[in-house]
Amino acid sequence: MTKCPVCLRESEPSGFASLAKHLEAQADGSDSDHVRWLNQNVSRTKLGAPELTERLERFFDLKGAPLSEWIKRRFIARFYAEPAHPFVRALQHPSRATLLGYVVEHQHFLRQWVRSCAYIMARTDRPDVVLYELDNLNTEYGGTGATPAHYELLLRMGESLGVSREEILATAPLPATRAGIDGWNRIASTEPWPAALGAMHCLELIAHRDLVREGASSHYFDPGILQGTEISDAAKAFLREGYEADMGHAGQALALVERYAAELGVVPDVQAAVLRSIDLFDDYLIARLERGATFER
Amino acid sequence: MNVNFAGCALCDSTWGNVWAEVEGERRFFCCELCLRQFRNLLARVKLETGWVHLDAVEIVGDRSGRTCTASCGSGTLRVRVAFNAEGTLRQFEPF
Ligand SMILES: [Zn+2]
Ligand SMILES: [Zn+2]
């Protein structure tokens, strides 16, 4: 069953010829999101139905590799090709403004993250998925005993850069962050749960240290900034935590996605949801930069 | 006004079907977002330079960052530009 990677509509009848027809119709109607997807993933040049169908087949084909490899390949192509995504470039040696843009928008992202993971827990019947999400939620949001949650470390990073917790929490998200939150909420609450699992946890690849070995053009940030005095101690604590936590998390999650996508027969749903999530995340990362610009002096 | 793309005036895509009058000419855009970006870019160029019309606009790059060379008579402006998801300029740096 093929599914549109933009609006997540199922193709009727199933197949890439139907998907091509849908994308063509949306492009003819000049829908920005569909045109953007075609431009970024297939071709900037309008293609006829037979060629578009063939390109889509090739694009979604796992080529005998595991689903997790396909997801990583797509993720790297968007965020870590040369040149890397503008936010990743800015984070290599981040300014105060870049880090504050990160704090203010990411606070909203993490609160949605909790909701998305809770949906997955509510909708799965697999104990290993529930346990995985519980562990993830504690790391990201709840905290465990002496270890503060990622959310708390984020707020502390903001405070260390001179913006109060009250001000951070009182700032409404930018439109792209809002659109991301709405999109992820929809995926988590309505897509098959392995697709929600894939759409959310592929995003943790952003901080994955091993991605460089798999073809990423850089790390999330220059690891050298964790030493020295280039950034505040609270910023180091936040970035170090993500650097270490996300490494295990994303890999483990993708293994679960792969297993249950196959078992439940929802590989195309996972692929579509992951691609949608990548587009939302791309815009959301730009919103961090946009917010950061408001802190530039 | 001359543009360097045969497709969408902003991104060169030939998908989509938006036609709009910009600088006195009917032009093709792949989507409303590109049209908005193009209009915002031209307005900002005029604001910065004081030019009332433009002879040519050349754009290089993609969503991750673009450079734009605008000219009017013997004047030339080169800028690094980037937009947010709504098509508003978030970067405009002459170089
Ligand atoms: Zn669609
Ligand atoms: Zn365009």
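As shown above, the structure is provided for reference.
On a predicted model such as this, the values are computed, not experimentally measured, just so you know. Throughout, residues of each chain are indexed from 1 in the direction in which the sequence is written. Chain labels run from A onward and ligand labels from 1 onward, assigned in the order the entries are written. Only residues with pLDDT of at least 70 get local features here, since the model is predicted, and only at 80 or more are side-chain atom pairs given and counted; chain-wide, interface and lining totals rely on the full set of residues. Calculated side-chain values reflect all of the structure's heavy atoms, with hydrogen atoms and water omitted.

*Asks:* Would you mind going over the coordination of the zinc ion (ligand 2) in detail, with residue names and values included?
*Replies:* All names here are of chain B. Surrounding the zinc ion (ligand 2) are the protein donor atoms Cys8 (SG), Cys11 (SG), Cys30 (SG) and Cys34 (SG), which sit 2.3 to 2.4 Å from the metal. The coordination sphere of the zinc ion (ligand 2) comprises four donor atoms, whose angles at the metal cover 104 to 116°; the geometry is tetrahedral. Going along the chain, you hit the donors of the zinc ion (ligand 2) in the pattern C-x2-C-x18-C-x3-C. Note that Cys11 is positioned in the loop between strand S1 (2-3) and strand S2 (18-22) and Cys34 in helix H1 (residues 32-49), a separation of 23 residues in sequence. Partly exposed describes any residue whose relative accessible area lies between the buried limit of under 20% and the exposed limit of over 50%, with all areas from a 1.4 Å probe on protein chains only and scaled to the type maximum. Residue Cys11 is classed as buried on the basis of its relative accessible area, which comes to 7%. Using a relative accessible area of 7% as the deciding quantity, one classes Cys34 as buried. Water is absent from the atoms considered, so a metal site may look incomplete; donors are defined as N, O and S atoms within 2.8 Å of the metal, or 3.2 Å for Na, K and Ca. Under this scheme a four-donor centre is tetrahedral when all angles range from 85 to 135 degrees, a four-donor centre is square planar and a six-donor centre octahedral when opposite donors are above 155 degrees with the rest from 65 to 115, and any other centre is irregular. Helix and strand assignments come from DSSP, with helices taken as H or I runs of at least 4 residues and strands as E runs of at least 2, each series counted from the N terminus.

*Asks:* I'd love a proper account of the pairing of strand S5 (residues 65-72) of chain B, names of residues and values included.
*Replies:* Residues and elements named next belong to chain B. Any two strands are treated as partners once DSSP identifies two or more bridges connecting them. Bridge count for strand S4 (residues 56-62) against S5 is seven bridges, and the pairing is antiparallel. Looking at S5, one finds that Asp62 is bridged to Gly65. Counting the residues between successive antiparallel strands, the hairpin from S4 to S5 contains two residues. As defined by bridge partners, S5 adjoins strand S6 (residues 75-83) across seven bridges and the pair is classed as antiparallel. In the strand pairing of S6, Cys72 is matched with Gly75. Joining the antiparallel neighbours S5 and S6 is a turn of two residues, in which Gly73 adopts a positive phi near 60°.

*Asks:* Lay out the pairing of S2 of chain B with the relevant residues and their values.
*Replies:* Residue and element names in this part refer to chain B. The two faces of S2 differ: Val18, Ala20 and Val22 on one face are buried, but Trp19 and Glu21 on the other face are not. Where S2 and strand S3 (residues 25-29) come together, five bridges link them in antiparallel fashion. Directly across from Val18, in S3, lies its bridge partner Phe29. Hairpin connection between S2 and S3: a loop of two residues separates the two successive antiparallel strands, and Glu23 in this loop has a positive phi of roughly 55°.

*Asks:* Can you tell me about the state of the cysteines, naming the residues and giving the values?
*Replies:* Residue and element names in this part refer to chain A. Throughout, a disulfide means two cysteine sulfur atoms within 2.5 Å of one another. Following the criterion strictly, the structure yields zero disulfides over all chains and no others. Take Cys117: it sits in no disulfide, and the sulfur closest to it among the cysteines is that of Cys202, at 12 Å. With relative accessibility at 0%, the residue Cys202 sits in the buried group.

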